[in-house]
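Structural overview for review
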Amino acid sequence: MKSNQSKVLGMVLKGYPRISETFISNEIGLLEERGFSIHIFSMRNPRENFSHKSIKRIKAGVTYLPSTLFSSLHRFFLPNLRTYRKNPQAYRKALGMMCRSFMSNKKAASIKHVLQAGYLVDHLSDGGDVTHLHAHFAHSPTSVARYAALLGGLTFSFTGHAKDIYTQKADKVAKKLEQASFAVTCTNYNKRYLQELSPEGKPVHCVYHGIDLSLFSSRADRVQTKQPYRIMTVARMVEKKGLPTVLSALALLKQRGVRFEYVLVGSGDDKEKVCALIKKLGLEQYTTLTGTITHDQVLEHYRAADLFVLGCQVAANGDRDGIPNVLAEAMAMGVPVAATTVSGIPELVRNAESGLLVEPKNPAALADAMLKLLTDFELRARVIPEARKTVSRIFDNQPLSSKLAEIYEAEGLGPGQTQV
C-alpha cells in the first residue's frame, strides 16, 4: 500500500441516491463532516428523478457499477480480465465462492455480484486510496463487498438493517459475519440475532439510524384535537408494513362513527392490493394517496397530523422492519404514534409512555389505540413531550454518527489515519 496517504472508506450501496434511504445519505454526510474521505460504489443508477436535499452536501465521488448481467457483459469483460491478471489465485477463489452460492440459490445475481466486484476492484483508482469497503445491507451489497475485498486485498464490513438479515438463510449471514472485520446494525433486536450467528468475539455494533432533529419541530397546540381527525402513515406498500391492518382499523373507526381524513405517503409493489382494499373497505372518500414525495412535503403532512399510525408485521418470507425512521420523525414533530410490537419498535416507542403499541395483525386493538390517542387529551399531554425527549435522547443522529465514527476509527479508518 502507499505510504502517507489518507485512507478512503468505500461504501458499497445497492443504489445511490435512493429516496427511501435518507438514513444512509445522512450517515455519509455526517461522516464527511467529521473528516472521513468516502467513495461510493453504487450497484445501480438512481431510479427516482429527484433526491432529498441531504444529497447535495455529500462530497463523495460515485462509481456506478454495471447493473445488469447479460446486457453489461461487454462492460464487465475487460475490467474483470485485468482484475484476474493481477491476482488469479484470488479470482479463482472468488469464482469458487460464487459457484457454491449459485448452486445454493440458483440465481444469476450470484454471477453478477462477482463480476461487479471485479469491475469495482479494477476501478478502485476512481475512489482514491480505498482500503476498506463497508456495505449497507447484508444481502447483495455485502456479497459484492466480500468478493471485492478478496479480489483487491481489502477488508470489509457491513451494516445489516432488516429484510437483508431475515430473508437470507442464517448460514449465509453467518459466513459473511465470519469474513467481515465487524458488523453494524440498527437495533438491539437485530444485534442479538446477529450475535447468535456470529463467530465468538466478532464485533457486532448497534447504532440507530437517527434523524436530524433540527428538521423537526413540534406545534404547541398538539394536545387538543377535533373531528375530522387527521391521521397519516408514511410507508412503502409492502407486506411488512402491515397496511391492511391499518386500513382495517380505520374501517372500524368509520363504523363507530369517527370522522377522519387519512393520508398515506408512499408507494410500492403492493400498491394495487392496497388500493383494492381501500375500495373494498369503503375508505376511498377518507383516503389521500400521495405516492412518493419529497421530505419537505412529508414534513408538511406531519405538521397537519393528529396521529401517526403503522401496522408493521413479520412478512411471510421473514422480512420485517428495524425501527422505521418515520416513527422517530413523527415523535419529533409531536405527532402521537400508534404502532406494533414488531422487531425493534419497542426500543423507541414505550407503550403508554411515548406512544401506544399493540400486537401485529390486530385491527381491533390498533383501532382502540388510535381512538385513545385521538381523544384522551391527558394521554396526549404525557405522550407528546415524552416522545420528543425519547427521540432526542436516543435517536439524534449527531451523537450516533460520532459513535459510528469511533467504530471506524477503532479499525484504523478514521480521518487523518494513514496507510503504512
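First, a word on scope: everything that follows refers to the structure included in this document. Quantities reported herein were computed from a predicted structural model and do not represent experimental measurements.

**Remarks on the overall build of the protein**
- Along its length, the protein carries 16 helices and 13 strands.
- Its C-alpha atoms give the protein a radius of gyration of 23 Å, within 12% of the compact-globule value 22 Å for 420 residues.
- Structurally, the protein occupies a C-alpha span of about 70 × 45 × 40 Å along its principal axes.
- The buried share of the protein, taken over its 420 residues, is 55%.
- Taking all contacts inside the protein whose residues are at least 6 apart in sequence as the whole, residues at least 24 apart take part in 74%.
- Roughly 18200 Å² of accessible area belongs to the protein as shown, and the carbon and sulfur atoms make up 51% of that amount.
- Considering the protein, the positive charge centre built from 55 side chains and the negative charge centre built from 38 side chains are found 5 Å apart.

**Observations regarding the nonpolar core**
- Counting 91 residues, the largest nonpolar core has Ile231, Leu250, Tyr262, Tyr302, Phe308 and Met370 as the members making the most contacts within it.
- With sequence-adjacent residues up to four places away left out, Met370 is seen in contact with Ile231, Ala249, Leu250, Leu253, Leu307, Val309 and Ala338.
- Ranked by size, the runner-up nonpolar core spans 40 residues in total, among them Ala90, Ala94, Ala117 and Tyr166.

**Here we look at the packing of helix H2 (residues 73–86) against helix H3 (residues 88–105)**
- In contact at an axis separation of 5 Å, H2 and H3 are set at 120° when each is read in the N-to-C sense. Contacts from Asn80, Thr83, Tyr84, Arg85 and Lys86 of H2 reach H3 at Pro88, Tyr91 and Arg92.
- Across the contact of H2 with H3, the residue classes break down as three nonpolar, two polar and three charged.

**Some points on the sheet that holds strand E5 (residues 155–160)**
- Pairing within the open sheet is parallel, and its seven strands lie in the order E3-E2-E1-E4-E5-E6-E7. The open sheet has two edge strands with one neighbour each: strand E3 (61–64) and strand E7 (204–206). Mean inter-strand twist for the sheet, computed between neighbouring axes without regard to direction, equals 25°.
- Of the strand pairs in this sheet, strand E4 (residues 130–136) and E5 are connected by five bridges, and their pairing is parallel. Bridging from a neighbouring strand, His132 pairs with Thr155 of E5.

**Concerning the pairing of strand E1 (residues 8–13)**
- Counting buried residues along E1, six of its six residues qualify, which places the element largely inside the surrounding structure.
- Taking every second residue as pointing to the same face, both faces of E1 are buried, with Val8, Gly10 and Val12 on one and Leu9, Met11 and Leu13 on the other.
- Both E1 and E4 contribute to a ladder of five bridges, which runs parallel. Directly across from Met11, in E4, lies its bridge partner His134.

**With respect to unusual backbone geometry**
- Between Tyr16 and Pro17 the backbone carries a cis peptide bond, its omega angle lying at -10°.
- Looking at the element boundaries, Pro17 is found in the loop between E1 and helix H1 (22–33).
- Of the consecutive residues Gln227 and Pro228, the connecting peptide bond is found in the cis state with omega at -5°.
- Unusually for a residue other than glycine, Lys106 sits at a positive phi of about 55°.
- By secondary structure assignment, the location of Lys106 is in the loop between H3 and helix H4 (109–122).
- Look at Ala352: it is not a glycine, yet its phi comes out positive at around 70°.
- With respect to the secondary-structure elements, Ala352 resides in the loop between helix H13 (345–348) and strand E13 (356–358).

What counts, and at which threshold
Residues numbered from 1 in each chain as written. Predicted model: local features only at pLDDT ≥ 70, side-chain atom pairs only at ≥ 80, totals over all residues. Heavy atoms only, no water. Helix = DSSP H or I, 4+ residues; strand = E, 2+ residues; numbered from the N terminus. Rg over C-alpha atoms; globule rule 2.2 N^0.38 Å. Buried < 20%, exposed > 50% of the residue type's maximum accessible area, 1.4 Å probe, protein only. Contact = heavy atoms within 4.5 Å. Areas by Shrake-Rupley, 256 points an atom, 1.4 Å probe, with all protein chains shown as cover. Lys, Arg positive; Asp, Glu negative; His and termini not counted. Charge placed at Lys NZ, Arg CZ, Asp CG, Glu CD. Core = buried A, V, L, I, M, F, W, Y, C linked by side-chain atoms within 4.5 Å. Axes fitted to C-alpha atoms, helices over the stretch in contact; angles between N-to-C directions. Nonpolar A, V, L, I, M, F, W, Y, C, P; charged D, E, K, R; others polar. Pairing = 2+ DSSP bridges.

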